[in-house]
Amino acid sequence: MVLIAAVLVAYFSSFDQLVTRTFGHVNIQTYTNDFRSTVYCGSGKILAGPTTTVANADAEIDCARECTRLVNCTGYNTESAPTSQRSSRTCQLTETPFSQNCSDLVDRPSWKFVYREPFCKRGGVLDYDTRICHCGTTGFTGQRCDRRAYDCSDVYDAHLHDEKQTIVQYIYPEGAKRPRVTLCQMVKGGTTIISNRVVDGDFDKSWDQYKTGFDNGNPKLTSYWIGFDTLYPLLNQPSLKRVYKLKIYILLNNNSKANLFFENFHVGSEASGNFTMTYSKMAPNVKWGDAMSSINGSQFSTRDKDHDSSPGKSCAQVMGGGWWYNDCTDASLHGLWNRMTWDTMLPALRNIGIKKVRMWLIPYK
């Protein structure tokens with residue numbers, strides 16, 4: 001018995017340290033923030049079902065503390081006030097689900113039930129080893145899925161991923177109709193990948209596909225486009241007022257590469273001009289030049305919707321992909337592999353061919 005007691009003391013002592021480090025449960029207010037009263041159901045009500053009794057609790061906060069130690073604890077029954085003969089109270093910890101419906105409760109005079117809000121918000125699933133919630137497709141992040149991921153910088157700020165990782169994450173920009181899966185790179189404060197081209201990637205899609213986005217189920221391994229239904233809200237969030245820089249990475253077949261940066265990148269709405277693209281300036285790059293300058297202010301075109309300035313032909317059909325076209329030969333990074341162009345690069349590079357393209361949004365913060 002002495003050995004068992006010693007083991008339990010060691011366990012709870014180490015758990016207290018884990019809770020303090022992971023959850024930040026260091027005071028009464030933090031404990032009670034996870035618990036809610038059922039006083040709206042009337043007095044003298046408890047939750048029926050199997051319970052684990054903790055006797056001689058010094059205060060009600062001890063009931064909450066003991067419940068917090070159990071991952072599946074949904075709340076506790078306790079005396080509304082200690083009896084006059086003693087100052088301690090009894091806690092009955094329960095794992096019985098509570099739907100916040102008063103019909104779940106039964107009468108027990110002078111007792112009450114206090115329920116525990118799920119540690120993971122919005123249906124997140126707790127990883128028992130890391131004590132971090134997996135937020136799924138909610139578009140939220142943070143240890144408890146309690147922080148909306150307006151873009152990948154919010155995921156970065158949650159400090160849940162290693163530096164330089166590229167992760168698959170759902171983001172939920174202000175104004176977006178629903179969360180959208182994207183690639184987040186955990187560098188420079190968290191960058192949002194809006195386009196990812198891999199070998200043999202197919203970007204010859206319809207207008208509707210470019211609106212909703214496409215990734216064939218795995219944005220890391222297949223061609224990926226975030227979609228204007230997400231990109232436009234992301235770049236136009238009135239409450240956040242975030243401004244973004246566009247980064248374009250180009251890798252040629254001989255492994256020559258470029259990282260090109262475009263300040264104040266912006267995309268307008270479909271109604272105002274078919275997702276017109278603008279930027280203020282490009283960071284100078286003598287070797288590659290600014291092929292985007294000729295399409296700055298251009299509308300987006302696809303094989304079934306032609307908004308380019310080239311008379312008598314559709315650049316999206318000629319090049320084999322949706323893009324902000326002016327003429328068909330200036331800059332096109334969504335065309336067929338043998339038709340992708342960046343016309344301002346040095347002549348020695350132009351016939352080598354483009355092997356990979358990736359585009360990021362980097363917020364100014």
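Keep in mind it's a predicted model, so treat the numbers as computed, not measured.

## Quick word on the overall build of the chain
Right, so step 1: A tally of helices and strands in the chain yields eight helices and 24 strands.
Right, so step 2: Put simply, the chain has 365 residues, and 48% of those count as buried.
Right, so step 3: Nonlocal contacts in the chain, meaning residues at least 24 apart in sequence, comprise 57% of its contacts between residues at least 6 apart.

## Considering helix α3 (residues 60-69)
Right, so step 1: Among the 10 residues that make up α3, seven are buried, leaving the element largely enclosed by the rest of the structure.
Right, so step 2: Among the residues of α3, I61, D62, C63, A64, C67, T68 and R69 are the ones counted as buried.

## Thoughts on the pairing of strand β7 (residues 111-116)
Right, so step 1: Burial of β7 is extensive: five of the six residues sit out of reach of the surface.
Right, so step 2: Sheet analysis places strand β1 (residues 35-37) next to β7, joined by three bridges and oriented antiparallel. Looking at β7, one finds that F35 is bridged to R116.
Right, so step 3: Bridging between strand β4 (residues 75-79) and β7 involves five bridges; their strand directions are antiparallel. Residue pairing in the sheet places Y76 in a bridge with V114 of β7.

## A closer look at the state of the cysteines
Right, so step 1: The final tally for this structure, using the stated rule, is seven disulfides.
Right, so step 2: Disulfide partner of C67: C73, at an S-S distance of 2.0 Å. On the sign convention where negative is left-handed, the bridge of C67 and C73, at about -105 degrees about the S-S bond, is left-handed. In this structure, C67 and C73 share a single accessibility class: buried.
Right, so step 3: Paired by a disulfide, C315 and C328 hold their sulfur atoms 2.1 Å apart.

## So, the environment of T74
Right, so step 1: By the secondary structure assignment, T74 is in the loop between α3 and β4.
Right, so step 2: It is 5.1 Å that separates the C-alpha atoms of T74 and E95, two residues lying 21 residues apart in sequence.

## Overview of the nonpolar core
Right, so step 1: Ranked by size, the top nonpolar core spans 56 residues in total, and within it I248, M292, W324 and W342 carry the most contacts.
Right, so step 2: Setting aside residues no more than four positions away along its own chain, I248 makes contact with A258, N259, L260, F262, M292, L333, W342, R358 and M359.
Right, so step 3: Within the second largest apolar cluster, 11 residues are counted, among which are F35, A57, C67 and Y76.

## A look at unusual backbone geometry
Backbone geometry follows two general trends: most residues other than glycine have a negative phi, and most peptide bonds adopt the trans configuration.
Right, so step 1: The residue N255 is not glycine, and still its phi comes out positive at about 75 degrees.
Right, so step 2: Along the chain, N255 turns up in the loop between β16 (244-252) and β17 (257-267).
Right, so step 3: The residue N264 is not glycine, and still its phi comes out positive at about 50 degrees.
Right, so step 4: Turning to its location among the elements, N264 is positioned in strand β17.

## Regarding the packing of aromatic side chains
Right, so step 1: Counted according to the given criterion, the structure contains 21 aromatic pairs.
Right, so step 2: Where F98 meets Y115, the ring centres are 5.3 Å apart and the plane angle is 50 degrees; that geometry is what we call tilted. With F98 in the loop between β5 (89-94) and β6 (105-107) and Y115 in strand β7, this pair connects stretches of sequence that are 17 residues apart. For the pair formed by F98 and Y115, the shared burial category is buried.
Right, so step 3: Geometrically, the ring pair formed by F262 and W342 is edge-to-face, given 6.4 Å between the ring centres and 65 degrees between the ring planes. With F262 in strand β17 and W342 in strand β23 (residues 341-342), this residue pair connects regions lying 80 residues apart in the sequence.
Right, so step 4: Taken together, the ring pairs in this structure connect F203, W207, Y210, F214, W225, F228, F265, F275, F300, W323 and W324 into an aromatic cluster.
Right, so step 5: The ring of W337 carries the charged tip of R197 above its face, separated from the ring centre by 4.5 Å.
Right, so step 6: A cation over a ring is seen here: K205 above F214, with NZ or CZ 5.2 Å from the ring centre.

## Regarding the layout of surface pockets
Right, so step 1: Size it by volume and the largest pocket reaches roughly 350 Å³.
Right, so step 2: Taken together, 17 residues line the largest pocket, and the ones lying closest to its centre are V71, C73, E117, P118 and F119.
Right, so step 3: Taken together, the elements giving at least two residues each to the lining of the largest pocket come down to β7 and β8 (125-127).
Right, so step 4: When the residues that make up the lining of the largest pocket are grouped by side-chain class, the tally is 11 nonpolar, four polar and two charged.

## Points about empty space enclosed by the protein
Right, so step 1: According to the stated counting rule, one finds one cavity of 30 Å³ or more in the structure shown.
Right, so step 2: In this structure, the largest cavity encloses a volume near 40 Å³.
Right, so step 3: Contributing to the lining of the largest cavity are Q185, V187, K188, T191, K247, W360 and I362.
Right, so step 4: Of the residues contributing to the lining of the largest cavity, the split by class is three nonpolar, two polar and two charged.

## Structural notes on the sheet that holds β4
Right, so step 1: Taken together, five strands build an open sheet; the order of strands is β1-β7-β4-β5-β3 and the sheet is antiparallel. Since the sheet does not close on itself, it has two edges, and those belong to β1 and β3 (51-57), each with one partner. This sheet shows a mean twist of 25 degrees between the axes of neighbouring strands, independent of strand direction.
Right, so step 2: Bridge analysis of β4 against β5 gives four bridges, and the strand direction is antiparallel. The residue of β5 that forms the bridge with G75 is T94.

About the cut-offs
- Residues numbered from 1 in each chain as written.
- Predicted model: local features only at pLDDT ≥ 70, side-chain atom pairs only at ≥ 80, totals over all residues.
- Heavy atoms only, no water.
- Helix = DSSP H or I, 4+ residues; strand = E, 2+ residues; numbered from the N terminus.
- Buried < 20%, exposed > 50% of the residue type's maximum accessible area, 1.4 Å probe, protein only.
- Contact = heavy atoms within 4.5 Å.
- Pairing = 2+ DSSP bridges.
- Disulfide = S-S within 2.5 Å.
- Core = buried A, V, L, I, M, F, W, Y, C linked by side-chain atoms within 4.5 Å.
- Phe/Tyr/Trp six-rings, centres within 6.5 Å; stacked < 30°, edge-to-face > 60°.
- Lys NZ or Arg CZ within 6 Å of the ring centre and 35° of its normal.
- 1 Å grid on protein atoms, 1.4 Å probe; cavity = no way out; pocket = protein on both sides within 12 Å on 5 of 7 lines; lining within 4 Å.
- Points joined across faces, edges and corners; volume = space filled by probe spheres on them.
- Nonpolar A, V, L, I, M, F, W, Y, C, P; charged D, E, K, R; others polar.
- Axes fitted to C-alpha atoms, helices over the stretch in contact; angles between N-to-C directions.

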